[in-house]
Amino acid sequence: MLFVKPDRPVDRVFLHCSASDHDHHDDVSVMRRWHTDPEPDGRGWSDVGYHLFIRKSGEVQEGRPLTRIPAAQAGHNTGTIAVCLHGLAKEKFTREQFASIHDLSRQIDRAYDAGVTIHGHCEVSSKLCPVFDYRAVLGLDRFGAIAGPGSDPVGPSVVEAPAPRPVVRLTDQGPAVTVLQSLLNRRGAGVVEDGHFGRGTLKAVKVFQAAHGLSADGIVGPATWASLVG
Ligand SMILES: [Zn+2]
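This one's a predicted model, so the numbers in the text were calculated from it and none came from an experiment. Within each chain, residues carry numbers counting from 1 in the order of the written sequence. For a predicted model such as this one, the threshold for reporting local features is a pLDDT of at least 70, and the threshold for listing and counting side-chain atom pairs is 80 or more; totals across whole chains, interfaces and linings nevertheless cover every residue. Heavy atoms throughout the structure, all of them, feed into the side-chain values; hydrogens and water do not.

Student: Account for the coordination of the zinc ion, with residues named and values stated.
Tutor: Taken together, the protein donors to the zinc ion comprise His-16 (ND1), His-121 (ND1) and Cys-129 (SG), at separations of 2.1 to 2.3 Å. Note on donors: an N, O or S atom is included if it sits within 2.8 Å of the metal, or within 3.2 Å for Na, K and Ca, and water is never included, so sites can look incomplete. Sequence spacing of the donor residues for the zinc ion, all on one chain, is H-x104-H-x7-C. With a gap of 105 residues between them, His-16 in strand E1 (residues 12-17) and His-121 in the loop between strand E5 (117-120) and helix H3 (134-138) connect regions that are remote in the sequence. Numbered from the N terminus, helices here are DSSP runs of H or I no shorter than four residues, and strands are runs of E no shorter than two.

This is the structure in structure tokens:
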């Protein structure tokens, strides 16, 4: 499909799986029913939570309009596009699906001038979703960016939970601050990556926190790290 950039800021794409391998679930209309049917059978939502649904054939179906924020990653929906691949068992996802998500992720990345990173739902939840090794399939680096020529993708074996990180704040120094600065710069902050948490870094952290619905206190704790890494 041809990706048309919505009039909405997006900096992350999240990948999901439908948690089913049944043929009769291989259509966005089924997912839409699950999400819009009234509770307790469905979720009672106004539309399917995902923007795009990829069938086993590789066909990409449209779900929720891209102009709307998805309902897909609790606490991490703003600024995202949510894509669901039909499947559950790792070995039952198809090459056609992988080719589609590969093509789609590159179209999205180009549409946003390489300003998006791509993630699994598992990075911001306790779920295994999307189950398959999306970093290897998409050739992502450790930040979730599409790896360019000469870069070093993480390779097929790694789908790690984010490492625990220390709380950092103004006047702190050290490697964790450098990592913070590099994550901020991946989102266009333009701070000096010197490992010193000064006024410039403080300002960038506060801007990031405010933009992601976090309390803009300039202190980088678990929630801010999760948003930065996720
Ligand atoms: Zn998911």
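Student: Let's hear about the domain arrangement of the chain: which residues, and what values?
Tutor: When the parts of a complex come together, some accessible area is lost, and that lost area is often used as the size of the interface. In this entry, domain limits derive from an automatic or database-based domain assignment. Split into domains, the chain comes out as domain 1 (12-138) and domain 2 (175-229). Once you take the C-alpha centre of each, domain 1 and domain 2 turn out to be 28 Å apart. A contact between two residues is defined here by any heavy atoms of the two lying within 4.5 Å. Listed per partner, the contact involves 5 residues of domain 1 and 6 residues of domain 2. Summed over both partners, the accessible surface that disappears when two parts come together, traced with a 1.4 Å probe, is what is meant by buried area. Taking both partners together, domain 1 and domain 2 bury about 410 Å²; carbon and sulfur atoms supply 41% of that area. The largest share of the area that domain 1 buries against domain 2 comes from Arg-12, His-76 and Thr-117, three residues that together contribute 63% of it.

Student: I'd like a description of the sheet that holds E5, backed by residues and values.
Tutor: Taken together, 5 strands build an open sheet; the order of strands is E3-E2-E4-E1-E5 and the sheet is mixed. Bordering the open sheet on either side are strand E3 (60-62) and E5, each of which pairs with just one other strand. The mean inter-strand angle of the sheet, taken between neighbouring strand axes irrespective of direction, is 25°. In this sheet, E3 lies alongside strand E2 (residues 52-54) in antiparallel orientation, the contact comprising 3 bridges. Opposite Leu-52, over in E3, you have Glu-62 as the bridge partner. Orientation is described by axes fitted as lines to C-alpha atoms, over the contacting stretch for helices, and by angles from 0 to 180 degrees between their N-to-C directions. Here helix H1 (residues 28-36) sits on the sheet and contacts E2, E3 and strand E4 (80-85); the angle it forms with E3, its principal contact strand, is near 40°. When DSSP finds at least two bridges between two strands, those strands are taken to pair.

Student: Just give me the short version of the packing of helix H4 (residues 175-186) against helix H6 (residues 222-229), but keep the residues and values in it.
Tutor: Helix-helix packing is described using two parameters, namely the angle between the two axes and the distance between the axes. Axis separation between H4 and H6 bottoms out at 10 Å; the angle between their running directions is 50°. Taken as axis vectors, H4 and H6 run oblique relative to one another. The element H4 and its partner H6 pack so that their crossing is left-handed. Across the interface between the two elements, Ala-176, Val-179, Leu-180, Leu-183 and Leu-184 from H4 touch Trp-225, Leu-228 and Val-229 from H6. Following the grouping adopted for this structure description, the nonpolar residues are Ala, Val, Leu, Ile, Met, Phe, Trp, Tyr, Cys and Pro, the charged ones are Asp, Glu, Lys and Arg, and the polar ones are all others, Gly among them. In terms of residue class, the contact of H4 with H6 is built from 8 nonpolar, no polar and no charged. For classification purposes, an angle smaller than 35 degrees is called roughly parallel, one larger than 145 roughly antiparallel, one from 65 to 115 roughly perpendicular, and anything else oblique. The hand of a helix crossing depends on one turn: near helix anticlockwise from the far one by less than a right angle means left-handed, and clockwise means right-handed.

Student: A description of the pattern of salt bridges should follow, citing residues and the corresponding values.
Tutor: One side-chain nitrogen of Lys or Arg within 4 Å of one carboxyl oxygen of Asp or Glu is enough to make a salt bridge. Under the defined criterion, the tally for this structure stands at 8 salt bridges. Close ionic contact of Asp-27 with Arg-55 constitutes a salt bridge, the shortest N to O distance being 3.9 Å. Residue Asp-27 is located in the loop between E1 and H1, and its partner Arg-55 is located in the loop between E2 and E3; the two are separated by 28 residues in the primary sequence. Note on classification: 1.4 Å probe, protein chains only; a residue is buried when its accessible area is under 20% of the maximum for its type, exposed when over 50%, partly exposed between these limits. According to the relative accessible area criterion, Arg-55 is partly exposed, its value standing at 23%.

Student: An account of the environment of Ile-69 is requested, with residue identities and associated values reported.
Tutor: Along the chain, Ile-69 turns up in the loop between E3 and E4. Note: C-alpha distance between Ile-69 and Pro-9 (60 residues apart in sequence) is 9.9 Å. Setting aside chain neighbours within four positions, we find Ile-69 in contact with Arg-8, His-51, Arg-64, Asn-77 and Thr-78.

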